[in-house]
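The residues making up each chain are set out below.
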Amino acid sequence: MLQGHERAITQIKYNREGDLLFSAAKDSKPNVWWSLNGERLGTFNGHGGVVWCLDVDWQTINLITGGGDSSCRLWDLETGKNIATIKTNSSVRTCNFSFSAYQAAYTTDKAMGHPCEVFVIDTRTIDDSLSTQAPILKWEITDSKVTSMVWGTLDETIITGHEAGDLIQWDLRTGKKVHSVKEHTHQINDMQLSRDGTMFITASKDQTAKLFDTSSLELLKEYKTERPVNSAALSPILDHVVLGGGQDAMEVTTTSTRQGKFDARFFHLVFEEEFGRVKGHFGPINSLAFHPDGKSFASGGEDGYIRVQSFDQSYFDYTFDYNRD
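Residues numbered from 1 in each chain as written. Predicted model: local features only at pLDDT ≥ 70, side-chain atom pairs only at ≥ 80, totals over all residues. Heavy atoms only, no water.

If you check an unreviewed UniProt entry, the protein chain appears there as Eukaryotic translation initiation factor 3 subunit I from Danaus chrysippus. UniProt annotates the protein chain under Subcellular location (unreviewed entry) with the comment "Cytoplasm". (UniProt positions renumbered as here; feature names shortened; annotations may be inferred.)

The next thing to look at is the overall build of the protein chain. Check the secondary structure of the protein chain and you find one helix and 28 strands. Relative to the 2.2 N^0.38 estimate, which gives 20 Å for 325 residues, the radius of gyration of the protein chain is 19 Å and therefore close to what a compact globule would have. A principal-axis box enclosing the C-alpha atoms of the protein chain has dimensions of 55 × 40 × 40 Å. By the burial criterion, 58% of the 325 residues in the protein chain qualify as buried. The contacts in the protein chain between residues at least 6 apart in sequence include a share of 42% that link residues at least 24 apart. Accessible surface computed for the protein chain: about 14,600 Å², of which carbon and sulfur atoms make up 47%. Each charge sign in the protein chain was given a centre, from 32 positive and 44 negative side chains, and these centres are 5 Å apart. (Helix = DSSP H or I, 4+ residues; strand = E, 2+ residues; numbered from the N terminus. Rg over C-alpha atoms; globule rule 2.2 N^0.38 Å. Buried < 20%, exposed > 50% of the residue type's maximum accessible area, 1.4 Å probe, protein only. Contact = heavy atoms within 4.5 Å. Areas by Shrake-Rupley, 256 points an atom, 1.4 Å probe, with all protein chains shown as cover. Lys, Arg positive; Asp, Glu negative; His and termini not counted. Charge placed at Lys NZ, Arg CZ, Asp CG, Glu CD.)

Moving on to the nonpolar core. Of all hydrophobic cores here, the largest spans 17 residues; its most connected members are Ile-64, Leu-74, Phe-97 and Tyr-106. Among the elements of the structure, β8 (71–76), β9 (82–87), β10 (92–97), β11 (103–108) and β12 (116–122) are those that each provide at least two residues to this core. In this view, Phe-97 contacts Asp-55, Val-56, Asp-57, Asn-62, Leu-63, Ile-64, Leu-74, Gln-103, Ala-104, Thr-123, Ile-126 and Trp-151; residues no more than four positions away in its chain are not counted. Membership of the second largest hydrophobic core comes to 14 residues, among which are Val-120, Leu-137, Ile-168 and Trp-170. (Core = buried A, V, L, I, M, F, W, Y, C linked by side-chain atoms within 4.5 Å.)

To continue, consider empty space enclosed by the protein. A complete count under the given rule lists two cavities of 30 Å³ or more for this structure. Considered as a void within the structure, the largest cavity measures approximately 70 Å³ in volume. Considering the residues around the largest cavity, the lining is formed by 13 residues, among which Thr-225, Arg-227, Gly-244, Gly-245 and Arg-265 are closest to the centre. No other element matches strand β23 (residues 240–245), which puts three residues into the lining of the largest cavity. Broken down by class, the residue content of the lining of the largest cavity amounts to four nonpolar, five polar and four charged. Reported here for the second largest cavity is a volume of approximately 40 Å³. The wall of the second largest cavity is formed by Phe-262, Ala-264, Val-278, Lys-279, Gly-280, His-281, Ile-285, Phe-297, Ser-299, Arg-307 and Gln-309. Elements that contribute at least two residues to the lining of the second largest cavity include exactly β27 (296–301) and β28 (305–310). Broken down by class, the residue content of the lining of the second largest cavity amounts to five nonpolar, four polar and two charged. (1 Å grid on protein atoms, 1.4 Å probe; cavity = no way out; pocket = protein on both sides within 12 Å on 5 of 7 lines; lining within 4 Å. Points joined across faces, edges and corners; volume = space filled by probe spheres on them. Nonpolar A, V, L, I, M, F, W, Y, C, P; charged D, E, K, R; others polar.)

Once that is clear, we can look at the sheet that holds β11. Spatial ordering of the open sheet is given by β10-β11-β12-β13, a layout of four strands whose pairing is antiparallel. Of all strands in the sheet, those with a lone pairing partner are β10 and β13 (137–141), marking the two edges. For this sheet, the mean inter-axis angle between neighbouring strands, taken without regard to orientation, is 15 degrees. (Pairing = 2+ DSSP bridges. Axes fitted to C-alpha atoms, helices over the stretch in contact; angles between N-to-C directions.)

Another aspect to go through is the packing of aromatic side chains. Any two aromatic rings considered together are summarised by their centre-to-centre distance and by the angle between their planes. On inspection of all chains with the given rule, the structure shows 18 aromatic pairs. Geometrically, the ring pair formed by Phe-266 and Phe-297 is edge-to-face, given 5.3 Å between the ring centres and 85 degrees between the ring planes. Linking Phe-266 in strand β24 (residues 264–268) with Phe-297 in strand β27, this pair joins segments that are 31 residues apart in sequence. Across this residue pair, the class does not change: Phe-266 and Phe-297 are buried. An aromatic cluster is defined as three or more aromatic residues linked by ring pairs; in this entry it consists of Phe-266, Phe-275, Phe-290, Phe-297, Phe-311, Tyr-315, Phe-316 and Tyr-318. For Arg-40, the ring lying beneath its charged end belongs to Trp-33, and the centroid distance is 5.9 Å. Across the ring face of Trp-52, the terminal group of Arg-93 is positioned such that the distance to the ring centre comes to 4.1 Å. (Phe/Tyr/Trp six-rings, centres within 6.5 Å; stacked < 30°, edge-to-face > 60°. Lys NZ or Arg CZ within 6 Å of the ring centre and 35° of its normal.)

Scanning all chains against the criterion turns up 16 salt bridges. Residues Asp-122 and Arg-124 are paired through a salt bridge, measuring 2.7 Å at the closest nitrogen-oxygen approach. The residue Arg-173 makes a salt bridge to Asp-171 at a minimum N-O spacing of 3.5 Å. Beyond isolated ion pairs, a larger network of salt bridges with shared partners links Glu-226, Arg-227, Asp-263, Arg-265, Glu-274, Arg-277 and Lys-279. (Salt bridge = Lys/Arg side-chain N within 4 Å of Asp/Glu carboxyl O.)

This is the structure:
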């Protein structure tokens, strides 16, 4: 159990090797932890409000964060220094490095008379010039605002998840819409890619998580629950999906932990069957992440705690009985 945030966790992420775990919360200070023993390495100080999103590049050199203080910031991971601060017109809701980390994308909220916009910036050289540099590409979202985002295959596309439940794939060469599907009826809270990037899973307020093909946006599988899903992650080694959620924060006080409202729930990727639950949080789970080796997972909750859970042997031995003929 990692205690370091004073307020609700908004997003957690492992780096590529899995030795570090990054967490963002509503308390303006993203943290970094050793994932092995849960020791806190340090904090990234500089944001002036809630931090909605973060991402770390594949070499674990830089961190990008976006917050409610209308800024997107880039950090040197080794020293915790804020290298660049990109000012925006409204809150930064999502931010991600591309796989190569040559580029990063972030999206802003529709607020205070400003539209929701998607920005792509060049992150090959990260220094303070980024603060004033114009983005390589930016486009306006006229429909419902972007609430989650992932990079598509080969860094050629970006897939955005929207408040109304749409998924839209954008071509980065032109900034134009390529595909769009509407399989969810409510806001898409979270999107996470599979290990090889060929599929991604969405978590939605409409009480489902869905698995899509990254290049065609074809709906592959659906995982149903009885409460809004805030986050979903795919296991890197097994055909497993973990979902986390709970009711909205305002309804939380009326329920007890015993009812199993805030469990992390495990589903089989292919058969869409729930096969396990992990208790722990006394508030909705806001973000989930599998360790890159698939042997543990972490969850960050509305209660401000991050819990790292290692799987026991029975989890790996467990198989679904089905006819292989």
